[in-house]
Amino acid sequence: MAAHKAPVTTTRTKTRYELWQETIDGALKDARWSEYDCDIQRAVTQYNRHLRNTPGYMSLDWRLIKAMVWTESGGPNNRAWRNNPIQIGNPGDPGLRALLSDKEGGPLIIPPELKDKLSIASALATPQMNIRAGIAYLLMRLAQYSVGTVPDQNDTKTYEAVVKAGDSLDRIARAGGTTVDTIRRLNSGTAVLRPGQVLKYEKAAVQKIIVMWNMATPLTIATRYNIGDPDYARKLEYCLAVMRKSKLTESACAS
Amino acid sequence: MRILILPVAALTIAFGLVAHAAEPPFTGRFIGSGRACYGTLAVDAKSVSWLTSFSQCQAVPVELVERDDSLGVLRVTYRFKTGSSSCRFGALSLSHDGSKGADLGWQVVGYPSEARFIEDKSSGYTMNSPDMMSCALIRDPGNGGKYHRTPRQLTQPHSAKQAN
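Residues numbered from 1 in each chain as written. Chains lettered and ligands numbered in written order. Predicted model: local features only at pLDDT ≥ 70, side-chain atom pairs only at ≥ 80, totals over all residues. Heavy atoms only, no water.

Q: Before we go on, may I ask you to explain the layout of surface pockets in this structure?
A: Rolled over the atoms, a probe as big as a water molecule pinpoints where empty space is left. Roughly 350 Å³ of volume is contained in the largest pocket. A:T23, B:I31, B:A136, B:L137 and B:I138 are the residues nearest the centre of the largest pocket, which is lined by 31 residues in total. Going through the elements one at a time, helix 1 (16-25) and helix 3 (62-73) of chain A together with strand 1 (28-32), strand 6 (91-96), strand 7 (106-111) and strand 8 (133-139) of chain B are the ones with two or more residues in the lining of the largest pocket. For the lining of the largest pocket, the element with the most residues is helix 1 of chain A, which contributes four residues. Taken together, the residues that form the lining of the largest pocket break down as twelve nonpolar, twelve polar and seven charged. Lining the second largest pocket, in full, are A:H50, A:L51, A:N53, A:T54, A:P55, A:L108, A:V150, A:Q153, A:Q207, A:K208, A:I209 and A:I210. Elements represented by at least two residues in the lining of the second largest pocket include exactly helix 2 (37-51) and strand 4 (204-213) of chain A. With four residues, strand 4 of chain A is the single largest residue contributor to the lining of the second largest pocket. (1 Å grid on protein atoms, 1.4 Å probe; cavity = no way out; pocket = protein on both sides within 12 Å on 5 of 7 lines; lining within 4 Å. Points joined across faces, edges and corners; volume = space filled by probe spheres on them. Helix = DSSP H or I, 4+ residues; strand = E, 2+ residues; numbered from the N terminus. Nonpolar A, V, L, I, M, F, W, Y, C, P; charged D, E, K, R; others polar.)

Next comes the structure, spelled out in C-alpha cells:
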C-alpha cells in the first residue's frame, strides 16, 4: 500500500528588491508621490537652460530626477521626503561641500540665479533646495572637464602689447590679463619674439571648463550619484515604469 | 481624595513597570536604499549596527530610551553607549508607520545625541536638522526567512540565527 504524503506547500520569500518595489507601487494610488513634479520641472529647466551651450549637453529628463527622489526618500510617508528628498548633505556626506567648493566644477554647473541661494544650510532647509542641490551634484559628476582659455565676458575689447627685450609670451600674457593661447590665436609669427613687435590680445583666463557630458541614464546616475546601492539603476528604471503607469497623477505645472 | 488617588497612581506605575519589564527586547534587521541610506540596520537585544555609505556604527552597545506602540505606530529609540569617529550618531529611533504589514513602512532617524531626539519628539517629530539623517527601510527578507505579519508581532524576539 502506497504511503500518502502530506502536500508540501512552499512560500517563496520575497527579495529585498521585490519588497522595495512594493513601496514604490504606493505611487500608483497616492498623488502625493507627484507633489514635487513642478518643483523638479522648474529646477531641471533652470539647469538645462544654463548648460545647453556646453559641449555635448543633452537636456536632462525631469522624470529621472523624480525617480531619484522616489528611490532616495522612499516616498511621502517618510521624513526624508520632507527633509532631504534627494538625500544630499547628510552627516558625513562630502557631496554638498564638493559641489559648493570650486575644486570639482560646481561653480560651472550652478546657474547664476542660484549661486547666492544655494548653500549647505539652504540645501538642507527645504525640499526644493535639496532637490536643486542634488541635481547640481549629479550634473557636476556627469560633466567632463579640462583646463582651457576662457575669454572675459565683461571685457571683449582687443588690446595691443609691444614686445620688449627679454619678454616671453607667458610674461606678456600675465601682464595683460590674458593667456598664451589667446595671444597665439590672434597673432601669427609668435614663435620668435622681436623687441618692438606689436601683439594683439583679448582679456582671458585659464580656467576649468566643461568639454563633454556623460548622458544622464539610470546607469550613469547609479555610478555617479549613488554610492553603494547595487540595485540603484534598476530601481530608477522601476520608478520610471511606475510613473508611466501613473501618468494621470502627474502634476500639471504652470510654465 | 488623596487617599484614593495615590493608590491608583501607584498601581498604574506598578503595572506600567511590570508590562515594560515583561516585554521582550526588540530585534530585527532592515535595509536602506540610495546614496546615503543604502546599508543595513541590525537591532539586537543589547547592540545596534547601522552601516551606511557615510556612517559606520558597528555593533554599538545601546540603552533603550523609549519603546512606544501606544498609537499603533511602533517607535523604538536607543542611546548609543559608546561613540566612534566613523559613527555619526549618538541615538537612533526606529519606527513603523503601522500601515503596510511587517516588511514595509519602516524608517530610522539618526540623531547626534539623545538630547536632539528629545527636541525632535517635542516638535512632534517634525524637526529638520543637518546633523540628523532619516532613511526609509524595509525589513530584510533574508533575516531567517520567517515572516511576522504585523509590527506588533515583530516585537517578539527572534532567534539568534535570525538576528544574523
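Next comes the rest of the account.
Q: Explain the state of the cysteines here, please?
A: The bond known as a disulfide is covalent and runs between the sulfur atoms of two cysteines. Residues and elements named next belong to chain B. Applying the stated criterion to the full structure yields two disulfides over all chains. A disulfide bridge connects C37 with C135, and the sulfur atoms are separated by 2.0 Å. Disulfide C37 to C135: torsion about the S-S bond roughly -75°, handedness left-handed. With C37 in helix 2 (residues 34-37) and C135 in strand 8, the pair connects residues that are 98 residues apart, well separated along the chain. Relative accessible area serves as the criterion here: at 2%, C37 is assigned to the buried category. You can call C135 buried: its relative accessible area is 1%. (Disulfide = S-S within 2.5 Å. Buried < 20%, exposed > 50% of the residue type's maximum accessible area, 1.4 Å probe, protein only.)

Q: I keep staring at the packing of helix 3 of chain A against helix 9 (residues 127-142) of chain A and nothing clicks. Help me out?
A: If you want to describe how two helices pack, look at the angle between their axes and the distance between the axes. Residue and element names in this part refer to chain A. Direction vectors running N to C along helix 3 and helix 9 enclose 115°, while the axes themselves pass 11 Å from each other. What the angle tells us is that helix 3 and helix 9 run roughly perpendicular. The handedness of the crossing between helix 3 and helix 9 is right-handed. The residues of helix 9 that touch helix 3, namely those facing I65, M68 and V69, are I131, I135 and L138. (Axes fitted to C-alpha atoms, helices over the stretch in contact; angles between N-to-C directions. Parallel < 35°, antiparallel > 145°, perpendicular 65-115°, else oblique. Left-handed = near helix turned anticlockwise from the far one by under 90°. Contact = heavy atoms within 4.5 Å.)

Q: Help me out: how do you make sense of the environment of A:N90 in this one?
A: With respect to the element layout, A:N90 can be found in the loop between helix 4 (79-83) and helix 5 (95-100). Each C-alpha atom of the pair A:N90 and A:K29 lies 30 Å from the other, and the pair is 61 residues apart in sequence. Here A:N90 is in contact with A:N84, B:A36, B:M132 and B:M133, once residues within four sequence places are set aside. For A:N90, the side chain forms a polar contact with the side chain of A:N84, separated by 3.3 Å. A polar side-chain atom of A:N90 sits 2.7 Å from a polar atom in the side chain of A:Q87. (Polar contact = N/O pair within 3.5 Å; in protein donor to acceptor, adjacent residues only side chain to side chain.)

Q: Can you help me understand the interface of chain A and chain B in this one?
A: In many reports, interface size means the accessible area that the parts give up when they come together. Listed as interface residues are 37 residues of chain A and, on the opposing side, 38 residues of chain B. Note on chain A versus chain B: buried area summed over both sides is about 2,900 Å², and carbon and sulfur give 52% of it. In terms of surface lost to chain B, no three residues of chain A exceed A:R16, A:R79 and A:P91, which account for 27% of the buried area on that side. Applying the counting rule to chain A against chain B returns three salt bridges. One salt bridge in this structure joins B:D120 and A:R79, with 2.6 Å as the shortest N-O distance. Our enumeration of links across chain A and chain B arrives at 15 residue pairs in polar contact (both at pLDDT 80 or more). Among the elements of the structure, helix 1, helix 3, helix 4 and helix 13 (232-245) of chain A are those that each provide at least two residues to the side of chain A that touches chain B. Of the residues in the side of chain A that touches chain B, the class split is 13 nonpolar, 16 polar and eight charged. (Buried area = accessible area lost by both parts, 1.4 Å probe. Salt bridge = Lys/Arg side-chain N within 4 Å of Asp/Glu carboxyl O.)

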